[in-house]
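Survey of secondary and tertiary structure
Letter by letter, the chains look like this.
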Amino acid sequence: MAFISSGYNPDKPMENRISDIGPRHFSEFLPPVIKNNKGKWLWHEILEPGVLMHKAESGDEVYTVRVGSARLMGVETLREALDVADKHCDGYLRFTTRNNIEFMVDSKDKVQSLKDDLQSRKFPGGSYKFPVGGTGAGITNIVHTQGWVHCHTPATDASGTVKVVLDELFEEFQNMRMPAPLRISMACCLNMCGAVHCSDIAILGYHRKPPVIDHEEVDNLCEIPLAVASCPTAAIRPSKTTIKDSRTGEEKSVKTVAIKNERCMFCGNCYTMCPALPLTDAEGDGLVIMAGGKVSNRISNPEFSKVIVAFIPNETPRWPQLAKVMRQLVDAYVNNARKYERFGQWAERIGWERFFEITGLEFTHHLIDDFRDPAYYTWRQTTNFKF
Amino acid sequence: MPKHETPLLDQLESGPWPSFVDDLKRQAESRHQKQNEIEYQIPVDVVDDLLGLLELSYKEGEVHWKHGGIVGVFGYGGGVIGRYCDQPKEFPGVAHFHTIRVNQPAAKYYKTDFLRQLCDLWDFRGSGLTNMHGSTGDIVLLGTRTEQLEEIFYELTHNMNNDLGGSGSNLRTPEACLGESRCQYACYDSQELCYQLTMEYQDELHRPAFPYKFKFKFDACPNGCVAAIARADLSFIGTWRDDIRIDQEAVAAYVGGELKPNAGAHAGKDWGPFDINKEVIDLCPTECMSMENGKLVINNRECTRCMHCINTMPRALRIGNDRGLSILCGAKAPILDGAQMSSLLVPFVKVEEPYDEIKEVIENIWDWWMEEGKNRERLGETMKRQGFQKLLEVTGIKAMPQHVQEPRHNPYIFWKEEEVPGGFDRDIKDYRLRHPK
């Protein structure tokens, strides 16, 4: 493995340096039918699950075949997607915000062969490489974060939990029988790189044990005042302790922190500031399920998701309890909500007491908000409730 | 033969959804097959070791990546995230496994030749593993070593004419919905505004000078396909202020069942014949629609442009012609003080080059937040701490009812001295003349 230079000269980093050039302008990458009709689209129709048609003022039509993808993708599979785009789409494709891939063609007679080609490609284990679907009133791809694959703060794996849930709900990806779109999102810790707090259903990794303190390292790795200040509930205070030096074996006094465990809300913000305060723990870590959020302004205002399952353990590799709860939620929604009703609107119409009854989920004290002022306004301040 | 046994991960190969495990194995195998053709610049077995490390996490239920590390390219403070594993002896291929964020073209359209070039570069100088794309929008390249960072940046800028994205306390890579490129609901060119502001604020994107991260997201209509209102410090959401355009013939065609409601989105279930009263008029949140003499009538003055009627009958109803965007600000995920949605600041602004009005709002907000924001405080938290009034003050925007869901519940108004006749300085002797002790 010999080092091969790109042309960069480490002795003169500024020589020929190009910086601050930003991304490529998107217009370089638009397929001709898109470029020609930009800003002049009249209407669209979903012809079948995964296939969209957009009609332009000019009479032009663009047909889009949408496929799911695992967000974690090697260049071998990516190149295969590019091969498909070269073969059918004149070398253009796009990705959606929800990690789907869209292949576009400019006439209807090109759709079937494109679709067949995409559906026919499978991995050795039998899964589709490019399953067609993810449109309309159904379930589209689950946006997610890195998890155990590449992050330092996760309480679970992201790719695995998403794979399991989408295996369980796969027929809904290729169907459109929901009352409204059902957007599912996954974030592997409270930092929520995936911003799952406004999703119809959110799967969230969560820790349940306070940080374990590495007294030997706190003062080496961290600014103690920053660690103290990072705690939203003021559970951390500066402290001193005596430890045995791991190299010399001698007793020594070190500066460290102390944590009031009963105040910890397990957010992990201290760990972000101080690597000597790790939270990850096999028994402590797992999943929270939230539901009823949305970002669209359609019919009702955007809304936050609410916690409906306090904890599901990390049952690797296939998280059976997670899959079961997701199935319960989807079935209850499909069988009970009205047309156009998003998951949260349905729950609010029938009332949360009915929601827990219909979904079969247990309501426990964990689900009553007790975090700061906004909590008060989530308690029931009326006699209007159902038995 | 695989380098590490992965009995747990292997169970994620079955089932219909694309298996990331099969994908990783494919990538691992390909590196071994091509090692005589390609002079890989990081270990050939990087993906094998990633599989091994991940299997360990699946076995133990705990993560094995260490807390970041400060790596990057010269002159930039973002775009690269350092990553090291805590089992480097057993999994040397991923001992160093840094992430590179590559700024994606707005709305993620590509020509295959561009992505092929990127695949070749990343295969050669990195693990070959990607996220297409990360949550913020970047192309994420997962796993390379420190000595490759400058080389990758050099090739990216010199050969591909493309820059890195943002990370850390700076402007994060902005992203837009596909907007006018393929959507009839687009109220402005979200991709173009995204691009122009990304270029305008390259310094803020690459060199961290903010209290914390800052996100721009551009949704071209209130449907919100990039979730701007939920996750951007500044959410630019398209809207219009004149009348919804109505094609009465198409309305009649929906009523008569010739056109599929909701663009066919509900085709998987028999919901019965389309009922315009039940499905559109009665669901209108402002009750501003009615049928009169077989014609659909909209009282546009009362419409809040929620998009329901337009989404339901896209061939009959179209957005207005006097278009622009609303600016909302302060969204963030829950950490730390709870999740926040963006709050409406500018109800309407035209989207016209050179976008001076929009830039003025952005820069006024940044001036304030950079001065007053605490370390690791998002804009929404500064707004909460100092009040919406302060935001109005720094942006020079006059208060209006559109700014609130409802007026305040308490009379604890922080009156300013200049608002109260006579000011706050009073003489106790004067008071005692009227009120003896």
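Residues numbered from 1 in each chain as written. Chains lettered and ligands numbered in written order. Predicted model: local features only at pLDDT ≥ 70, side-chain atom pairs only at ≥ 80, totals over all residues. Heavy atoms only, no water.

Structural notes on the overall build of chain A
What chain A contains, in helices and strands, is eleven helices and twelve strands. Dimensions of chain A along its principal axes, counting C-alpha atoms only, are 80 × 75 × 40 Å. The burial tally for chain A puts 59% of its 387 residues in the buried class. Within the structure as shown, chain A displays about 15,600 Å² of accessible surface, and the carbon and sulfur contribution to it stands at 50%. Charge centroids of chain A, computed over 46 positive and 48 negative side chains, lie 4 Å from each other. (Helix = DSSP H or I, 4+ residues; strand = E, 2+ residues; numbered from the N terminus. Buried < 20%, exposed > 50% of the residue type's maximum accessible area, 1.4 Å probe, protein only. Areas by Shrake-Rupley, 256 points an atom, 1.4 Å probe, with all protein chains shown as cover. Lys, Arg positive; Asp, Glu negative; His and termini not counted. Charge placed at Lys NZ, Arg CZ, Asp CG, Glu CD.)

Some words on the side chain of Glu80 of chain A
For Glu80 of chain A, the position within the fold is in helix α2 (residues 75-88). Since its relative accessible area comes to 7%, Glu80 of chain A is described here as buried. A polar atom in the side chain of Glu80 of chain A sits 2.9 Å from the side chain of Lys129 of chain A. Of note is the side chain of Glu80 of chain A, whose polar atom sits 2.6 Å from the side chain of Arg26 of chain B. In this structure, Glu80 of chain A is in contact with Arg121, Lys129 and Phe130 of chain A together with Arg26 of chain B, ignoring residues within four places of it in sequence. (Polar contact = N/O pair within 3.5 Å; in protein donor to acceptor, adjacent residues only side chain to side chain. Contact = heavy atoms within 4.5 Å.)

Some points on the interface of chain B and chain A
Taken together, the contacts link 146 residues of chain B with 144 residues of chain A. For the pair chain B and chain A, the two sides together bury roughly 12,800 Å², of which 58% comes from carbon and sulfur. By the criterion of area lost to chain A, the three top residues of chain B are Trp17, His67 and Arg182 of chain B, representing 8% of everything that side buries. Linking chain B with chain A are 15 salt bridges. Between Arg207 of chain B and Asp20 of chain A there is a salt bridge, and its shortest N-O distance comes to 2.7 Å. For the pair chain B and chain A, the number of links is 86 residue pairs in polar contact (both at pLDDT 80 or more). Looking at the side of chain B that touches chain A element by element, the count peaks at ten residues for helix α4 (residues 112-125) of chain B. Here the side of chain B that touches chain A is composed, by residue class, of 63 nonpolar, 47 polar and 36 charged. Pairing of strand β5 (residues 92-95) of chain A with strand β3 (residues 109-111) of chain B involves three bridges; the strand directions are antiparallel. When the bridges of β3 of chain B are listed, Arg94 of chain A appears paired with Tyr109 of chain B. (Buried area = accessible area lost by both parts, 1.4 Å probe. Salt bridge = Lys/Arg side-chain N within 4 Å of Asp/Glu carboxyl O. Nonpolar A, V, L, I, M, F, W, Y, C, P; charged D, E, K, R; others polar. Pairing = 2+ DSSP bridges.)

Overview of unusual backbone geometry
All names here are of chain A. Residue Thr316 is joined to Pro317 through a cis peptide bond whose omega torsion reads 0°. Residue placement: Pro317 occurs in the loop between β12 (306-313) and α9 (320-336). Of note in this structure, Trp319 is not a glycine but carries a positive phi near 35°. Among the secondary structure elements, Trp319 is positioned in the loop between β12 and α9.

Focus on the pattern of salt bridges
Once the charged atoms of two side chains with opposite charge are near each other, the side chains can pair. All names here are of chain A. Scanning all chains against the criterion turns up 61 salt bridges over all chains. Two residues, Glu168 and Arg327, come together in a salt bridge whose shortest N-O distance is 3.0 Å. A residue pair is termed long-range when its members are at least 10 positions apart, and Glu168 in helix α4 (residues 158-168) and Arg327 in helix α9 qualify at 159 residues. Judged by relative accessible area, Glu168 falls into the partly exposed class, the value being 29%.

What about a negative patch on the surface?
A cluster of acidic residues, Glu352, Asp356, Glu357, Glu360, Glu363, Asp367, Glu371 and Glu372 of chain B, forms a negative patch on the protein surface. Relative to the helices and strands, Glu360 of chain B resides in helix α12 (residues 356-372). (Patch = residues over 30% accessible without salt bridge, like charges linked within 9 Å, V, L, I, M, F, W, Y side chains within 5 Å.)

Observations concerning helix α13 (residues 379-386) of chain B
Residue and element names in this part refer to chain B. Burial in α13 covers these residues: Leu379, Gly380, Glu381, Thr382 and Met383. Where α13 is buried, its residues touch β13 (323-329), β14 (343-349), α12 and α14 (388-395). Of the residues flanking the end of α13, it is Gly387, one or two places downstream, whose phi is positive at about 95°.

Quick notes on the domain arrangement of chain B
Interfaces are frequently sized by the accessible area removed from exposure as the parts join. Residues and elements named next belong to chain B. Parsing chain B into structural domains produces domain 1 (7-159), domain 2 (175-237 + 327-418) and domain 3 (245-318). With centres defined by C-alpha atoms, the gap from domain 1 to domain 2 works out at 33 Å. Each side of the interface is counted separately: domain 1 has twelve residues, and domain 2 has 16 residues. Taken over both partners, the interface formed by domain 1 and domain 2 buries close to 1,000 Å², and the fraction arising from carbon and sulfur atoms is 44%. On the surface where domain 1 and domain 2 come into contact, there are one salt bridge. Between Glu175 and Lys108 there is a salt bridge, with its nearest N and O atoms 2.8 Å apart. Counting across the domain 1 and domain 2 interface gives ten residue pairs in polar contact (both at pLDDT 80 or more). Here the residues of the side of domain 1 that touches domain 2 are counted per class, giving four nonpolar, seven polar and one charged. (Domains from an automatic or database assignment.)

Focus: the pairing of strand β4 (residues 129-132) of chain B
Of the two faces of β4 of chain B, both are covered, the one formed by Leu129 and Asn131 of chain B as well as the one formed by Thr130 and Met132 of chain B. Of the strand pairs in this sheet, strand β4 (residues 72-74) of chain A and β4 of chain B are connected by three bridges, and their pairing is antiparallel. Pairing of Met73 of chain A across the sheet is with Thr130 of chain B, part of β4 of chain B. Pairing between β4 of chain B and strand β5 (residues 139-142) of chain B: four bridges, direction antiparallel.

What to know about the pairing of strand β2 (residues 51-56) of chain A
Residues and elements named next belong to chain A. Among the six residues in β2, five count as buried, and that is most of the element. Hairpin connection of strand β1 (residues 41-48) to β2: two residues between the antiparallel strands, including Gly50 at a positive phi of 90°. Strand direction decides the pairing type here: β2 and strand β3 (residues 61-67), joined by five bridges, are antiparallel. Paired with His54 across the bridge in β3 is Val62. Remark: four residues form the turn of the hairpin made by β2 and β3, two consecutive strands paired antiparallel; Gly59 in that turn has positive phi of roughly 95°.

Structural notes on the packing of aromatic side chains
Aromatic ring pairs are described here by two measures, namely the spacing of the ring centres and the angle between the planes. All names here are of chain B. Applying the stated criterion across every chain, the model contains 37 aromatic pairs over all chains. Summarising the aromatic geometry, the rings of Phe210 and Trp366 are spaced 5.0 Å apart at their centres and angled 50° between planes, so their arrangement reads as tilted. With Phe210 in the loop between α7 (202-206) and β7 (216-219) and Trp366 in helix α12, the pair connects residues that are 156 residues apart, well separated along the chain. For the pair Phe210 and Trp366, a shared accessibility class is recorded, and that class is buried. Taking the centre distance of 5.8 Å and the plane angle of 5° together, the rings of Phe216 and Trp366 count as stacked. Separated by 150 residues along the polypeptide, Phe216 in strand β7 and Trp366 in helix α12 bring together distant segments of the chain. (Phe/Tyr/Trp six-rings, centres within 6.5 Å; stacked < 30°, edge-to-face > 60°.)

Describing helix α2 (residues 20-33) of chain B
For α2 of chain B, which comprises 14 residues, the first-to-last C-alpha distance of 20 Å matches the rise-based estimate of 20 Å (1.5 Å per residue) to within 8%. Residues Phe20, Val21, Asp22, Asp23, Leu24, Gln27, Ala28, Ser30 and Arg31 of chain B constitute the buried set of α2 of chain B. (Expected span 1.5 Å × (residues − 1).)

Comments concerning the environment of Arg183 of chain A
Residues and elements named next belong to chain A. If you trace the backbone, Arg183 turns up in the loop between α5 (170-173) and β7 (184-187). The spatial distance from the C-alpha of Arg183 to the C-alpha of Arg342 is 9.4 Å, given a sequence separation of 159 residues. Not counting the four nearest positions on each side in its chain, Arg183 is found in contact with Arg98, Gly138, Thr140, Ser199, Asp200, Ile201 and Arg342.

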